[in-house]
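# Per-entry structural report
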Amino acid sequence: MTKKIAFQGEPGAFSHAAAANVFPGEEFLGCVTFEETLNAVQSGKADFAVVPVENSLYGRITDIHHLLPESGLNIIGETYLRVEMTLLGVPGARLEDIKAVQSLSVALGQCRKFISANGLRTINAVDTAGSAREIAEKADPAVAAIASRFAGEIYGLNVLAENIEDADHNTTRFLVLSPTEQRAPNQGKVKTTFVFRVRNVPAALYKAMGGFATNGVNMTKLESYMVGGAFTATQFYADIEGHPDDIGVQHAFEELGFFTDYFRILGVYPAAD
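Residues numbered from 1 in each chain as written. Predicted model: local features only at pLDDT ≥ 70, side-chain atom pairs only at ≥ 80, totals over all residues. Heavy atoms only, no water.

### Quick notes on the environment of Phe-196
With respect to the element layout, Phe-196 can be found in strand 12 (residues 190-198). The buried category is assigned to Phe-196, whose relative accessible area is 0%. Expressed as a C-alpha distance, the spacing of Phe-196 and Ile-61, which sit 135 residues apart in the sequence, is 19 Å. (Helix = DSSP H or I, 4+ residues; strand = E, 2+ residues; numbered from the N terminus. Buried < 20%, exposed > 50% of the residue type's maximum accessible area, 1.4 Å probe, protein only.)

Below, the structure written as structure tokens:
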């Protein structure tokens, strides 16, 4: 039976490409916002969601860190997508014909050297995939889009230049979300993601983190953000390498419990390469 996978953006977005990598051959549902993406799974309109959580150039995706813990959804997997920017033109267009290029401002910023070297005028747009769609609709051989090769295939555009981004390490990490908990078995490389709030006492965070160090648990991510508009109510979002059934992780969580007043595991899932 075909599954429906929600992602944020238009067809051809990088999130769509990531979702297609995880769920090849399934049905995909583009959503305008991250809230709409999560709600699609909460309401049953979609079976799963694939959402970006951090990028190697721009760091964390702030909206997801705020929305995910309150969503009630569970992380069941992760995937990494190398963000490769492609210059897309209408059929028959040549690189030397292009006078202007349209894309999301962030994407344009990631391709400054190429744009400058080719003397192109920039047009800011809402997103990369939407730019590809609009360029296909306008059919102007003098205007191109910067988007994914995937978007070019969807909208019938030709690749005029590829890998035009300034940084060759631009990679986004995505999480796979499910309405039900599906903990990975304790075998192979496993990650555990959780949120917690430390009690408002001196050195609480320092002591809470001590249990991971003394029990040999590697913490690969720790992010903090305020909740409820209170400067003293800080929530932490963390990733560790390991499974809750590991004795070291169990001891680390026990020590964490002494210094926190809120703790919740968001997912236990296989670590992606």
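There's plenty left to go through after this.
### Examining the pairing of strand 14 (residues 234-241)
Counting buried positions along strand 14 gives six out of eight residues, so the element sits mostly inside the fold. In this sheet, strand 14 lies alongside strand 12 in antiparallel orientation, the contact comprising seven bridges. Across the sheet, residue Phe-196 finds its bridge partner in strand 14, namely Phe-236. Sheet topology note: the strand 13 (residues 219-226)/strand 14 ladder contains seven bridges and is antiparallel. Counted as the bridge partner of Leu-222 is Ala-238 from strand 14. (Pairing = 2+ DSSP bridges.)

### Here's the deal with the nonpolar core
Judged by nonpolar contacts, the single largest core of 28 residues is most densely connected at Val-50, Met-85, Leu-87, Val-101, Ile-115, Ile-146 and Ile-164. Secondary-structure elements contributing two or more residues to this core are helix 1 (14-22), strand 3 (48-55), strand 5 (74-82), helix 4 (105-109), helix 5 (112-117), strand 9 (143-147), strand 10 (158-162) and strand 11 (171-178). For Ile-146, the residues in contact, after removing those within four places along its chain, are Met-85, Thr-86, Leu-87, Val-101, Gln-102, Ser-103, Ala-107, Leu-108, Cys-111, Ile-115, Thr-128 and Ile-164. Counting residues in each nonpolar core, the second largest holds 22 residues, with Ala-49, Ile-64, Tyr-237 and Leu-266 among its members. (Core = buried A, V, L, I, M, F, W, Y, C linked by side-chain atoms within 4.5 Å. Contact = heavy atoms within 4.5 Å.)

Worth remembering: the numbers are spatial, not functional.
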